[in-house]
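One-letter residues, chain by chain:
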Amino acid sequence: MMHRPTRRTVLVGTVALAAVPVPFAASAEPPTRHEIEIKSFAFQPDIIQVRPGDTIRWINRDLAPHTATADAFGWDTSALETNEFADVLVTEGMETTYFCVFHPHMKASIEILQASVDP
C-alpha cells in the first residue's frame, strides 16, 4: 500500500534539508532511507545504525497516535496517526535517543556511524 507524504512529512524533510548541508558527493555509499515501524506500542527496531545524510522514516502501524521525539526535543515527527509517516534527515551531532510524547515508556535510540569517504 502506498502512502502519500503528509504536509508534516514534507515540512520535516524540507526543514532538515535546509538547515544542514550534507556532502553526499564525498560519501562512498549513497544515502539510505531506514524505516522504523511503530506497532504494539514500540519502535521496531528500537536501535538503528545510520550515517549522516541518511533518512529515517517512522511509520505508525498502531491505532493510537504516536510521535518520535528527541529526548531534548531537538527534532520531532509530530503526531502520526495510523499509517502516517514522517522522515527525519540524519545529521552529525543530532540527538540519538527518542521517545513518544503520548507514551513516554516508548523509547529507542539511533547510532550514528562515521560517514565513509572515498580515498
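All of the points below concern the structure found in this document. (Residues numbered from 1 in each chain as written. Predicted model: local features only at pLDDT ≥ 70, side-chain atom pairs only at ≥ 80, totals over all residues. Heavy atoms only, no water.)

A closer look at the sheet that holds strand β2 (residues 42–44)
Next up, step 1: In spatial order, the strands read β2-β1-β4-β6; together these four strands make up an open sheet with mixed pairing. In the strand order of this sheet, the two ends are held by β2 and β6 (85–89), each with one partner. For this sheet the average axis-to-axis angle between neighbouring strands, irrespective of direction, equals 25 degrees.
Next up, step 2: Bridging between strand β1 (residues 33–39) and β2 involves three bridges; their strand directions are antiparallel. Bridged to Glu 37 within β2 is Gln 44. (Pairing = 2+ DSSP bridges. Helix = DSSP H or I, 4+ residues; strand = E, 2+ residues; numbered from the N terminus. Axes fitted to C-alpha atoms, helices over the stretch in contact; angles between N-to-C directions.)

Some details on the pattern of salt bridges
Next up, step 1: Under the criterion given, the structure shown has five salt bridges.
Next up, step 2: Of the charged contacts, one joins Glu 29 and Arg 51 as a salt bridge, the two residues approaching to 3.9 Å between their closest N and O atoms. Placement of the pair is Glu 29 in the loop between α1 (7–19) and β1 and Arg 51 in the loop between β3 (47–50) and β4 (55–60), with a sequence separation of 22 residues.
Next up, step 3: By relative accessible area, which is 42% here, Glu 29 ends up partly exposed.
Next up, step 4: Notably, a salt bridge pairs Asp 87 with Arg 57, separated by 2.7 Å at the nearest N-O pair. (Salt bridge = Lys/Arg side-chain N within 4 Å of Asp/Glu carboxyl O. Buried < 20%, exposed > 50% of the residue type's maximum accessible area, 1.4 Å probe, protein only.)

Concerning the sheet that holds β3
Next up, step 1: If you walk across this open sheet you meet the four strands as β3-β8-β7-β5, and the pairing is mixed. Every other strand in the sheet has two partners, leaving β3 and β5 (69–70) as the edge strands with one partner each.
Next up, step 2: Here β3 pairs with strand β8 (residues 107–112) via four bridges, running parallel. Counterpart to Ile 48 in the pairing with β8 is Ile 110.

Observations regarding the nonpolar core
The nonpolar side chains of a soluble globular protein tend to be buried, and buried together.
Next up, step 1: One finds Ile 36, Phe 43, Ile 56, Trp 58, Trp 75, Tyr 98 and Ile 110 to be the most contacted residues of the largest nonpolar core, which totals 20 residues.
Next up, step 2: Every element with two or more residues in this core is listed here: β1, β3, β4, β6 and β8.
Next up, step 3: Ignoring any residue separated from it by four or fewer positions in sequence, one finds Ile 56 in contact with His 34, Ile 36, Val 50, Ala 86, Asp 87, Val 88, Val 90 and Ile 110. (Core = buried A, V, L, I, M, F, W, Y, C linked by side-chain atoms within 4.5 Å. Contact = heavy atoms within 4.5 Å.)

Some details on the environment of Met 106
Next up, step 1: Locating Met 106 in the fold gives a position in the loop between β7 (97–99) and β8.
Next up, step 2: Its relative accessible area of 2% is what places Met 106 among the buried residues.
Next up, step 3: Beyond its immediate stretch of four places on either side in the chain, Met 106 contacts Ile 38, Phe 41, Ala 42, Phe 43, His 66, Tyr 98, Phe 99 and Cys 100.

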